[in-house]
Amino acid sequence: MAIPVFARGVDDAGKDFLDFTTVLDVSAGGAMLATRRNLSRSARLTLEIPSAPLNERAAGRSSIRTLRAKIVRVTSSDRCHLCALEFTRPLKSVPIGRA
């Protein structure tokens, strides 16, 4: 499943960037990000998951919208760069039936 995200970071030239891109795979410890931007290994990113605005009661305490990560591996092709990310803090598991 492809998950749209905003990726924020600093490029090799030291300039801040914000890209709309896609996460292709997510686990508790990290994710695989597909992007057109050539990012260096060990770069740090903040992923922001766009979602509909909800009030606090509807969103619940386990609602995660921002994740910090570092790039641990980059594989490049003609179409995109696949960046393996490691989350700064692993995601907590949510019991089935609770969101």
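Check the entry above for the structure.
Residues numbered from 1 in each chain as written. Predicted model: local features only at pLDDT ≥ 70, side-chain atom pairs only at ≥ 80, totals over all residues. Heavy atoms only, no water.

**Q** Can you help me understand the nonpolar core in this one?
**A** In a soluble, globular protein the nonpolar side chains are often hidden away together inside. Among the nonpolar cores identified, the biggest contains 16 residues, and Leu 33, Leu 45, Leu 47, Ile 71 and Leu 85 are the most heavily contacted of them. For this core, the secondary structure elements donating two or more residues are β1 (3-10), β2 (16-26), β3 (30-35), β4 (44-48), β5 (66-76) and β6 (81-87). With residues near it in sequence (within four places) discarded, Leu 33 still touches Val 5, Thr 21, Thr 22, Val 23, Leu 45, Leu 47, His 81, Leu 82, Cys 83 and Leu 85. (Core = buried A, V, L, I, M, F, W, Y, C linked by side-chain atoms within 4.5 Å. Buried < 20%, exposed > 50% of the residue type's maximum accessible area, 1.4 Å probe, protein only. Helix = DSSP H or I, 4+ residues; strand = E, 2+ residues; numbered from the N terminus. Contact = heavy atoms within 4.5 Å.)

**Q** What's the story with the packing of aromatic side chains in this structure? I'm lost.
**A** Considering all chains together, one arrives at one aromatic pair under this definition. Each ring, one from Phe 6 and one from Phe 20, has its centre 5.1 Å from the other, and the planes form 55°; the classification is tilted. Of this pair, Phe 6 sits in strand β1 while Phe 20 sits in strand β2, placing them 14 residues apart in sequence. When its relative accessible area of 31% is taken as the criterion, Phe 6 is described as partly exposed. (Phe/Tyr/Trp six-rings, centres within 6.5 Å; stacked < 30°, edge-to-face > 60°.)

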